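# Remarks on the overall topology
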Amino acid sequence: MNLTQLRRTIFASAGALVLTTAGTVVWSLGSIEADSAVASTNDRPTKSALSELTDDPPATKDDDVRLNQRLQQTLYDPPKKPKTEPVKPQRPVNETPVVRPPKPPRLDWTLIGTIIDSGNSIAIIADASGKTDIRTLGEEVDLAPPGVLVRKIDSQAVTLEVRGKESTLRLKQDFSASAGGAPKRPRRNNR
């Protein structure tokens, strides 16, 4: 064979191959459309036949409409539910709260001196600012905080009542060196 005939044969074979491929594509697309047309006509199974295949009740016309609407909607993942942490058991709460009495205020007072008399003893008390008050048994001290009563007066101490609790003020003793090494005590008038 000469060269020209060989070329013609190759071109004819290639053309036939292209035509065969195009026919196959057209045939495959046509069969899909034909199958859907056949399914949409009389070859469609009846509703009673579908209900026999499934346990669901027979479908109604409304069900077909709803199915079509669902297929036409956009597809998306439903939002994820937030994870809930397990509820921790709470400690049982006492029904009656514990009421603690308030602490009595700290008395920043100093016992300056006492006068002991058989009928009437006197206490001399000073606060941090230097204000002084002189009181006998059962009287309320006129220094801050208010409401402090004198309950007992001894030669070296005074017992006070602060909000129902007792507090004791003692005389300061100076142990500095003095003649004889005895501690200094406030002078007492001996009669």
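Further up the page is the structure itself.
Quick look at the structure, then. (Residues numbered from 1 in each chain as written. Predicted model: local features only at pLDDT ≥ 70, side-chain atom pairs only at ≥ 80, totals over all residues. Heavy atoms only, no water.)

What follows is about the overall build of the chain. Within the chain, the regular secondary structure consists of three helices and six strands. Counting helices and strands in the order they occur from the N terminus, the chain gives α-α-α-β-β-β-β-β-β. Looking at the 191 residues of the chain, the share that counts as buried comes to 13%. In the chain, once contacts between residues fewer than 6 apart in sequence are set aside, the share between residues at least 24 apart is 28%. When the accessible area of the chain is evaluated, it comes to approximately 17200 Å², of which 55% is carbon and sulfur surface. (Helix = DSSP H or I, 4+ residues; strand = E, 2+ residues; numbered from the N terminus. Buried < 20%, exposed > 50% of the residue type's maximum accessible area, 1.4 Å probe, protein only. Contact = heavy atoms within 4.5 Å. Areas by Shrake-Rupley, 256 points an atom, 1.4 Å probe, with all protein chains shown as cover.)

Taken together, the side chains of Met1, Leu3, Leu6 and Ile10 present a nonpolar region at the surface, about 460 Å² in accessible area. Looking at the element boundaries, Leu3 is found in helix α1 (residues 3-40). Residue class for Leu3 comes out exposed when judged on its relative accessible area of 54%. (Patch = residues over 30% accessible without salt bridge, like charges linked within 9 Å, V, L, I, M, F, W, Y side chains within 5 Å. Salt bridge = Lys/Arg side-chain N within 4 Å of Asp/Glu carboxyl O.)

Below, the discussion takes up the pairing of strand β5 (residues 157-162). Burial runs high along β5: five of the six residues are buried. Here strand β4 (residues 148-153) folds back onto β5 in antiparallel fashion, the turn holding three residues. Both β5 and strand β6 (residues 165-170) contribute to a ladder of six bridges, which runs antiparallel. Residue pairing in the sheet places Glu161 in a bridge with Glu166 of β6. (Pairing = 2+ DSSP bridges.)

Take the pairing of strand β1 (residues 109-115) next. On a regular strand, one side chain projects to one face of the sheet and the next to the other, so that they alternate. Of the strand pairs in this sheet, β1 and strand β2 (residues 122-127) are connected by six bridges, and their pairing is antiparallel. Across the sheet, Thr110 pairs through a bridge with Ala126, a residue of β2. Taking the residues that link successive antiparallel strands as the turn, the β1-β2 hairpin has six residues.

It is worth spelling out the pattern of salt bridges at this point. For the coordinates displayed, the defined rule picks out three salt bridges. As a salt-bridge pair, Arg135 and Asp133 come within 2.9 Å of each other at their nearest N and O atoms. Among the residues examined, Asp133 registers a relative accessible area of 9% and is labelled buried. Across the salt bridge formed by Glu139 and Arg135, the nearest N and O atoms sit 3.7 Å from each other.

Time to look at the nonpolar core. Ranked by internal contacts, the top residues of the largest apolar core, which has 15 residues, are Trp109, Leu111, Ile125, Val141, Val158 and Leu160. At the level of elements, β1, β2, β4 and β5 are the ones that each hand at least two residues to this core. Setting aside its immediate chain neighbours within four residues, Leu111 contacts Ala123, Ile124, Ile125, Gln156, Ala157, Val158, Leu169, Arg170 and Leu171. (Core = buried A, V, L, I, M, F, W, Y, C linked by side-chain atoms within 4.5 Å.)

Structurally, Thr159 is set in strand β5. If sequence neighbours within four positions are ignored, Thr159 has contacts with Leu149, Val150, Arg151, Lys152, Glu166, Ser167 and Thr168.

Spatially, three strands are ordered β1-β2-β3 in an open sheet, and the strand pairing comes out antiparallel. Every other strand in the sheet has two partners, leaving β1 and β3 (132-136) as the edge strands with one partner each. The mean inter-strand angle of the sheet, taken between neighbouring strand axes irrespective of direction, is 25°. (Axes fitted to C-alpha atoms, helices over the stretch in contact; angles between N-to-C directions.)

Strand order in the open sheet made by the three strands is β4-β5-β6, with antiparallel pairing throughout. Each edge of the open sheet is held by one strand with a lone partner, namely β4 and β6. Ignoring which end each strand starts from, the neighbouring axes of this sheet average 30° apart. Bridge count between β4 and β5: five bridges; the pairing is antiparallel. Bridge pairing in β5 links Val150 to Leu160.

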